[in-house]
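Here is how the chains run, residue by residue.
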Amino acid sequence: MLFLGDVVGKPGRKAVAEFLSRLRGVRDVDLVVANGENAASGTGLTESVVRELFDAGVDVLTGGNHFWDKKEGVPLIRTEERILRPANYPPGVDGRGWGVYRGRSGTPYAVVSLIGRVFMGDFDCPFRWADAALPEIRKQAAAVVVDFHAEATSEKRALAFHLDGRVSAIAGTHTHVQTSDAQVLPKGTGYITDAGMCGPAGSVIGMDPEGVLRRFLLQLPTRFEVASGEPEASGVFFGLDPGTGTCRAVQPFCVSETRIRSRETWKTFSSP
């Protein structure tokens, strides 16, 4: 299965569409999951943005703390089964935190969206939520994929070891910078601390550098704008055993429009 890092604005949506279009015929991907909390102008969702990503080939959109930033996107979180908000929000919050989806092969995949608490907010404990929910989730699918939307690398890695052998894959999101620690953990769970982002390459985690520098240098309130320029797509392939849910291989990637046209780039995607 393919997990795409946080999709940031129009450049991110363009990168996703371009990458998935070129991927067809190169590698058979059973399920595509993407974090969509920044998909509409850098924060939140809209119906047209969601439709664009689904039409491009994304099967499931996971969320995070910015999921609610567009008022018009809130009804989508409530009604669209392919959109998941973090499961460990307090009881009573609209939407769903996990679901089971059939891949192109017919294999069922459970996809779970979780959010961290360190530097993030007063959410329910993601560790205890997973402990309580996983027995029921695993009855419905052997392959369980978790998006852990968190700030602290320590919290992400701690959850990974806590869930090793009980889920198939964990992809960290939120910080938008891909880490170099993609691995299969000792008990068979695929893991990366952060999958990166799909968005403008010449940016500060997707935003125009000028506005970000103004905030850092002058400490004044600044409205951030999604940067322009060449888009890049970042994410990770998880090679999962459909019967047991065990992860066999992890392959991270980061490609731009320039590199995506390279034959050598596509050779790396043709191997399992």
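Residues numbered from 1 in each chain as written. Predicted model: local features only at pLDDT ≥ 70, side-chain atom pairs only at ≥ 80, totals over all residues. Heavy atoms only, no water.

Caption draft 1: Structural detail: the pattern of salt bridges. For the structure shown, the criterion picks out 11 salt bridges. Glu136 serves as the salt-bridge partner of Lys139, at 3.8 Å between the closest nitrogen and oxygen. In this pair, Lys139 and Glu136 both sit in helix α4 (residues 126-140), 3 residues apart, roughly one turn of the helix. By relative accessible area, Lys139 is classed as exposed at 68%. The exposure class assigned to Glu136 is partly exposed, which follows from its relative accessible area of 38%. For Lys156, the salt bridge goes to Asp194, with nearest N and O atoms at 3.0 Å. Placement of the pair is Lys156 in helix α5 (residues 153-163) and Asp194 in the loop between β11 (190-192) and β12 (197-200), with a sequence separation of 38 residues. Like Asp194, Lys156 is buried. (Salt bridge = Lys/Arg side-chain N within 4 Å of Asp/Glu carboxyl O. Helix = DSSP H or I, 4+ residues; strand = E, 2+ residues; numbered from the N terminus. Buried < 20%, exposed > 50% of the residue type's maximum accessible area, 1.4 Å probe, protein only.)

Caption draft 2: Focus on the packing of helix α1 (residues 9-23) against helix α2 (residues 47-56). In contact at an axis separation of 9 Å, α1 and α2 are set at 15° when each is read in the N-to-C sense. Relative to α2, α1 is oriented roughly parallel. Crossing hand, α1 versus α2: left-handed. Along the contact surface, α1 presents Arg13, Val16, Ala17 and Leu20, while α2 presents Val49, Glu52, Leu53 and Ala56. When the residues that make up the contact of α1 with α2 are grouped by side-chain class, the tally is 6 nonpolar, no polar and 2 charged. (Axes fitted to C-alpha atoms, helices over the stretch in contact; angles between N-to-C directions. Parallel < 35°, antiparallel > 145°, perpendicular 65-115°, else oblique. Left-handed = near helix turned anticlockwise from the far one by under 90°. Contact = heavy atoms within 4.5 Å. Nonpolar A, V, L, I, M, F, W, Y, C, P; charged D, E, K, R; others polar.)

Caption draft 3: Looking closely at α5. Within α5, burial applies to Glu155, Lys156, Leu159, Ala160 and Leu163. All buried residues of α5 lie within an arc of 140° about the axis, which places them on one face of the element. On its buried face, α5 sits against β7 (108-115), α4, β8 (143-149), β9 (169-173) and β11. (Arc of directions from axis to C-beta.)

Caption draft 4: Looking closely at the nonpolar core. Leu2, Leu4, Phe19, Val58 and Ile83 are the most contacted members of the largest nonpolar core, which totals 29 residues. Put simply, the parts of the chain that give this core at least two residues each are β1 (2-4), α1, β3 (32-35), α2, α3 (74-79), β13 (231-240) and β14 (247-256). Per-element tally for this core: the top contributor is α1, with 5 residues. Those residues within four positions of Leu4 in sequence are excluded, and the remaining contacts are Val16, Phe19, Val32, Val33, Ala34, Asn35, Val58, Cys198, Ser234, Gly235 and Phe253. (Core = buried A, V, L, I, M, F, W, Y, C linked by side-chain atoms within 4.5 Å.)

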